[in-house]
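Commentary on secondary and tertiary structure
These are the residues of each chain, in order.
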Amino acid sequence: MKGALALVATLVLIAVYVLLRFTFKLALGAILAVLHDPICVVGFFAVSQITFDLTAISAILAVIGYSLNDTVIVFDRVRERARHARKLQVSQVIDESINQTLSRTLMTKLVTLLVVVFLLVFGGETLHGFSAALVIGIIAGTYSSIYISAALALDFGLRTDDLLEHKLTKPEEIDGLP
């Protein structure tokens, strides 16, 4: 029960962090993509009937952080590209940003996956749930960081203007100020 509570608390704090860091449409895409990863891991455990214990929950927490980090890197690149290429369509900005971060993401994930597969094969029964959760989580997290997060932001109507910082010139343009 405490592990599940830690998982929920982590997801709530991540949602707050992402909402403060990005525009609402990007944040919503990131939050839903991050939710995808633990759902895939829990679904795998349900289908395979592998024992779900605290080590599996700790692996899910690691997967969430790992996946969120990749999504933040992609979204930071999207914002950076949008500032330098204001005339491009937002879908093109996202495509170029993902392509610029893709090799780094894939190399990092493949090296990590290699280590985790060795843990799965040679780690024994104690580490079996942990390493199985990490294998599934790394695969799901890579997929969600590359394909789901930005696509959801586009589906929510993300525009280039949403990515650019708007400088207000007149105080009366700010709602609620006299």
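Only a predicted model underlies this, so the values are computations on that prediction, with no experimental measurement involved.

So, the environment of L158
With respect to the element layout, L158 can be found in the loop between α5 (124-155) and α6 (160-163). Under the relative-accessibility criterion, L158 is labelled buried at 5%. Spatially, the C-alpha atom of L158 lies 15 Å from that of R77, the residues being 81 residues apart in sequence. Not counting chain neighbours up to four residues away, the residues in contact with L158 comprise T23, K25, L26, V90, I94, A153 and L163.

What about the side chain of S97?
By secondary structure assignment, the location of S97 is in helix α4 (residues 90-122). Of the residues examined, S97 reaches a relative accessible area of 0% and is grouped as buried. Looking at S97, its side chain comes within polar contact range of the main-chain nitrogen of V78, at 3.5 Å. Excluding residues that lie within four positions of it along the chain, S97 makes contacts with V74, R77, V78 and R81.

With respect to the packing of aromatic side chains
Within the structure shown, the criterion is met by 5 aromatic pairs. Summarising the aromatic geometry, the rings of F45 and F52 are spaced 5.3 Å apart at their centres and angled 80° between planes, so their arrangement reads as edge-to-face. The class of F45 is buried, set by a relative accessible area of 4%. Centre to centre, the rings of F118 and F122 are 5.9 Å apart; their planes meet at 15°, and the pair counts as stacked. Separated by 4 residues within a single helix, F118 and F122 lie in helix α4, roughly one turn from each other. Among the residues examined, F122 registers a relative accessible area of 63% and is labelled exposed. Taken together, the ring pairs in this structure connect F44, F45 and F52 into an aromatic cluster.

Considerations on the pattern of salt bridges
Taken as a whole and assessed by the stated rule, the structure comprises 5 salt bridges. In this structure, the salt-bridge partner of K109 is D70, at a minimum N-O distance of 3.0 Å. With K109 in helix α4 and D70 in helix α3 (residues 54-84), the pair connects residues that are 39 residues apart, well separated along the chain. Across the pair R79 and D76 runs a salt bridge whose closest N-O atoms are separated by 2.9 Å. Within this pair, R79 and its partner D76 are both found in helix α3, separated by 3 residues, close to a single helical turn. Within this structure, R21, D76 and R79 form a network of salt bridges that share partners.

Some remarks on α5
Since the α-helix advances by 3.6 residues per turn, residues separated by three or four positions end up pointing in the same direction. Over its 32 residues, α5 extends 43 Å from the first C-alpha to the last, a length consistent with the 46 Å expected when each residue adds 1.5 Å. The sharpest bend along α5 comes to roughly 45°, located at S144. Downstream of α5 by one or two residues, G157 has phi in the positive range, about 90°.

Calculation notes
- Starting afresh in each chain, residues are numbered from 1 along the sequence in its written order.
- Local features in a predicted model are, by the rule used here, given only for residues with pLDDT of at least 70; side-chain atom pairs are given and counted only at 80 or more, and totals for whole chains, interfaces and linings are based on all residues.
- Each side-chain value is worked out from all heavy atoms of the structure, with water and hydrogens disregarded.
- Segments assigned H or I by DSSP are reported as helices when at least four residues long, segments assigned E as strands when at least two residues long, and all are numbered from the N terminus.
- Categorising residues by exposure relies on relative accessible area from a 1.4 Å probe, with only protein chains included: less than 20% of the type maximum marks a residue as buried, more than 50% marks it as exposed, and the intermediate range marks it as partly exposed.
- Contacts were defined at the residue level, with two residues in contact if any of their heavy atoms lie within 4.5 Å.
- For the purposes of these results, a polar contact is taken to be a pair of N or O atoms within 3.5 Å, where, inside protein, one atom must be able to donate a hydrogen and its partner to accept one; residues adjacent in sequence count only when each atom of the pair is a side-chain atom.
- Only centres within 6.5 Å qualify two rings of Phe, Tyr or Trp (six-membered ring in Trp) as a pair; their planes then separate them into stacked at under 30 degrees, edge-to-face at over 60, and tilted for everything else.
- The working definition used for a salt bridge is a side-chain nitrogen of Lys or Arg within 4 Å of a carboxyl oxygen of Asp or Glu.
- Helices are assigned an expected span. That span is 1.5 Å times one less than the residue count.
- A residue's bend is given by the angle between axes fitted to the 7 residues ending at it and the 7 residues starting at it.

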